[in-house]
Amino acid sequence: NPGNPNSALSGNKAVATQLEALGVNVGWTNPAFNFTHAKSMLVDGNTAYVLTYNLTKAATEDNREFAIVDRAMSDVEELKRIFLADAERKPYQPLDPDLVVSPNNARWRILGIMEQAKKELLVGVEVISDPEVVATLIEKRRAGVDVRVLVGGVKKVPANLPAARALLAAGVPTRSQSRPYLHAKYVIADGETAYLGSINFSTNSLDEN
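Residues numbered from 1 in each chain as written. Predicted model: local features only at pLDDT ≥ 70, side-chain atom pairs only at ≥ 80, totals over all residues. Heavy atoms only, no water.

**Here we look at the pattern of salt bridges**
Selection rule: The term salt bridge refers to a pairing of a side-chain nitrogen on Lys or Arg with a carboxyl oxygen on Asp or Glu at a separation within 4 Å. Helix and strand assignments come from DSSP, with helices taken as H or I runs of at least 4 residues and strands as E runs of at least 2, each series counted from the N terminus. Working definition: with a 1.4 Å probe on protein chains only, accessible area under 20% of the residue-type maximum means buried, over 50% means exposed, and in between means partly exposed.
Throughout the structure, instances matching the rule amount to eight salt bridges. Residues Arg 107 and Asp 130 are paired through a salt bridge, measuring 2.8 Å at the closest nitrogen-oxygen approach. Taken together, the positions of Arg 107 in helix 4 (residues 106-116) and Asp 130 in the loop between strand 5 (120-125) and helix 5 (131-142) put the pair 23 residues apart, joining distant regions of the chain. When sorted by exposure, Arg 107 lands in the same class as Asp 130, which is buried. In this structure, Arg 148 engages Glu 120 in a salt bridge whose closest nitrogen and oxygen atoms are separated by 2.9 Å. One end of the pair, Arg 148, is in strand 6 (residues 146-152); the other, Glu 120, is in strand 5, with 28 residues separating them in the sequence. A single salt-bridge network, built from bridges that share partners, covers Arg 107, Asp 130, Glu 132 and Asp 207.

This is the structure we're talking about:
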């Protein structure tokens, strides 16, 4: 949510007040970023949860979502460093090779997974509008890769329409998914390498959040 609690997402301010009343230390996200869209949780310094979903009723009851339970200490420690840097309003350059972090390395890491596909490329994402992402998917299709794309329902995300039309025109099977609503963001290349997280394939999400 925005760094200013007065402009917080609907419901967050009320929840923050309830948590503070229980003695929970609540902070607001770093206003240096256009938007803080990440969804993660660290438990007891030894387990990280990397989520595609918000902590909402819709996420758990209505949406297509995923989560990774990560016990690799290098990932857990890196996520803790990022959390503390954001909480203290300090810049941080991620070092862990397994973590895709916007805005630091998301564009080249996600495009890199797409570009490495030789046979099959499966993409599921709520929002797709970034020109470079769309161009890369079309390029892989023209190179003979079996590219298939699922996007969030276009009635809810009309920004998906231009990209979906461009992909379909290039022969990329593309379908919008409303039931369950596709909120997850993932890429699977050749059944061997995957990205899963909270980063939409929009320019803002890749470069500013």
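**A word on the packing of aromatic side chains**
Quick reminder of the rule: The pairing test for Phe, Tyr and Trp rings, Trp by its six-membered ring, is centres within 6.5 Å, and the orientation test on the planes gives stacked under 30 degrees, edge-to-face over 60, and tilted for anything in between. In our convention, an over-ring charge means Lys NZ or Arg CZ found within 6 Å of a ring centre and within 35 degrees of that ring's normal.
Taken as a whole and judged by the stated rule, the model has one aromatic pair. Between Phe 66 and Tyr 186, the aromatic rings sit 5.3 Å apart at their centres with planes inclined by 80°, giving edge-to-face as the arrangement. Here the residue Phe 66 occupies a position in the loop between strand 3 (63-64) and strand 4 (67-70), and Tyr 186 occupies one in strand 9 (residues 185-189), the gap between them amounting to 120 residues. For Phe 66, a relative accessible area of 33% corresponds to the partly exposed category. When the ring centre of Trp 108 is taken as reference, the NZ or CZ atom of Arg 109 above it lies at 5.7 Å. Of note, Lys 156 hangs over the ring of Tyr 181, and the distance from its end group to the ring centre comes to 4.4 Å.

**Some points on the nonpolar core**
Rules: The nonpolar core is taken to be a set of buried Ala, Val, Leu, Ile, Met, Phe, Trp, Tyr and Cys residues, with the residues joined through side-chain atoms within 4.5 Å. Contacts are assigned to residue pairs with any non-hydrogen atoms lying within 4.5 Å of each other.
Residues Met 114, Leu 121, Val 123, Ile 128, Leu 137 and Phe 201 are the most contacted members of the largest nonpolar core, which totals 28 residues. Of all the secondary structure elements, the ones that give two or more residues to this core are helix 4, strand 5, helix 5, strand 6, helix 6 (160-169) and strand 9. A per-element tally of this core places helix 4 first, with five residues. Excluding its chain neighbours within four sequence positions, the residues that come into contact with Leu 137 are Met 114, Leu 121, Val 123, Ile 128, Val 147, Val 149, Leu 167 and Val 172. Within the second largest apolar cluster, seven residues are counted, among which are Val 76, Leu 79, Ile 82 and Leu 99.

**Details of helix 4**
For helix 4, the complete set of buried residues consists of Ala 106, Arg 107, Arg 109, Ile 110, Leu 111, Ile 113 and Met 114. In this fold, the buried residues of helix 4 make contact with strand 5, helix 5, strand 9, strand 10 (193-197) and helix 7 (203-207).

**Considerations on helix 6**
Inclusion rule: Starting at the helix axis, one direction is taken to each C-beta atom, and the arc is that of these directions.
Turning to helix 6, its buried residues number three or more, namely Asn 160, Ala 163, Ala 164 and Leu 167. The arc enclosing the buried residues of helix 6, seen along the axis, measures out at 100°, which places them on a common side. Facing away from the buried side of helix 6 by over 90 degrees, the exposed positions are Pro 162, Arg 165 and Ala 169. Against the buried residues of helix 6 lie helix 5, strand 6 and strand 7 (174-177). One or two residues past the end of helix 6 sits Gly 171, with phi positive at roughly 90°.

That's the geometry; what it means functionally is another story.
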